[in-house]
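# Geometric and topological summary
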Amino acid sequence: MSPGAARDIQQQLRDRVVRQALTREPRRVAGVDVGFEDGGATVLEPVEHAIARVPTEFPYVPGLLSFRELPGVLAALERLRAAPDLILCDGQGLAHPRRLGIACHLGVLTDLPTIGVAKTRLVGRHDAPGEHKGDWSPLIDRGECVGAVLRTRERVKPVFVSIGHRIDLAGAIRFTLACTTRYRLPETTRAAHRLASG
């Protein structure tokens, strides 16, 4: 698939993103991260953990990383005994130039609730959030609130939270904080990163 065709798919899928509050409290919360080794991707869901190594077939193109990473993520999710109720992705959701980062893309394909929790900003402008855990400021892109700049630890660099699918921003903030303990990133994606990088 060419980058142009991938962008067309993003434009089509973004209208399928569901922006609504969760209808029930999740019991199984998963983290997803991708690491590259010898041309393959390693992905994990930490509640039960599943790892998939698949060939990387899509080139590195900024804004199209989900096309490179999702084959491994989907393969790992298929290996689980039970699907998670909520997935936190290491990457963007709605806070993406075409409003379809990896969290949105994964959510639409699986119809599972997803949240994007990124370490860096891809789009938008924001004011600095307060210095306390839970303080946040809106991330605004082209006049639309696409996420939250969230302080997960006191006086530590914030993360960029955006909805992926079947969740609203308030829920995305709440569950990101609920999954964050001693470190800046949620425990779900920290655990996923450790396995994906190992």
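None of the values given here were measured: they were computed from a predicted structure. Residue numbering note: each chain is counted from 1, following its sequence as written. Reporting in this predicted model follows two pLDDT cut-offs: at least 70 for local features of residues, and 80 or more for side-chain atom pairs to be given and counted; totals over whole chains, interfaces and linings ignore these cut-offs and use all residues. Side-chain figures throughout are based on the complete set of non-hydrogen atoms in the structure, without hydrogens or water.

### Some points on the overall build of the chain
Of the regular secondary structure elements, the chain holds five helices and nine strands. The way it works is that DSSP assigns letters per residue, a run of H or I at least four long becomes a helix, a run of E at least two long becomes a strand, and they are numbered from the N terminus. Each helix and strand of the chain, placed in order from N terminus to C terminus, yields the pattern α-β-β-β-β-α-β-α-β-β-β-β-α-α. Relative accessibility under 20% of the residue-type maximum defines a buried residue, over 50% an exposed one, and the middle range a partly exposed one, all with a 1.4 Å probe and only protein chains included. Split into buried and exposed, the 198 residues of the chain put 53% on the buried side. Sequence-distant contacts in the chain: of pairs separated by 6 or more residues, those separated by 24 or more amount to 62%. Methods summary: accessible areas were calculated by the Shrake-Rupley approach with a probe of 1.4 Å, and residue burial reflects only the protein chains presented. With the model as given, the accessible surface of the chain reaches about 9,400 Å², and the carbon-plus-sulfur share is 50%. We call two residues in contact whenever any of their non-hydrogen atoms come within 4.5 Å of each other.

### Regarding the pairing of strand β5 (residues 86-90)
Most of β5 sits inside the fold, with four of its five residues counted as buried. Taken together, β5, helix α3 (residues 102-110) and strand β6 (residues 114-118) constitute a β-α-β crossover, and its handedness is right-handed. Crossover handedness is defined by viewing with both strands directed away from the observer: a clockwise path from the first strand over the helix to the second marks the crossover as right-handed.

### Focus: the sheet that holds strand β7 (residues 136-141)
At least two DSSP bridges between two strands are required for those strands to pair. One open sheet accounts for six strands, arranged β1-β5-β6-β9-β8-β7; its pairing is mixed. Each edge of the open sheet carries a strand with a single partner, namely β1 (29-32) and β7. The sheet shows a mean angle of 30° between the axes of neighbouring strands, direction not considered. In this sheet, strand β9 (residues 159-165) lies alongside β6 in antiparallel orientation, the contact comprising five bridges. Residue A118 lies in a different strand from β9, and its bridge partner there is F160. Note on method: axes are straight lines fitted to C-alpha atoms, helices fitted across the in-contact stretch only, with angles between N-to-C directions ranging 0 to 180 degrees. Contacts from α3 reach β5, β6 and β9 within the one sheet, and its direction differs from that of β6 by about 165°. Against the sheet, helix α4 (residues 169-178) makes contact with β5, β6, β7, β8 (144-150) and β9, and its axis sits at roughly 15° relative to β8, the strand it touches most.

### Examining the side chain of T176
Its location among the elements puts T176 in helix α4. The buried category is assigned to T176, whose relative accessible area is 0%.

### As for the confidence of the model for the chain
Per-residue confidence from the prediction method is given by pLDDT, with values spanning 0 to 100. Put simply, the chain has an average pLDDT of 88, and 87% of its residues get 70 or more. Below a pLDDT of 50 lies the segment residues 37-47, which in the model reaches 55 contacts outside its immediate sequence neighbourhood of four places, other chains included.

### Topic: the environment of L77
Counting through the fold element by element, L77 comes out in helix α2 (residues 65-78). Looking at L77, the relative accessible area reads 15%, which means it is buried. Taking the C-alpha atoms as reference points, L77 and V32, separated by 45 residues in sequence, lie 9.4 Å from one another.

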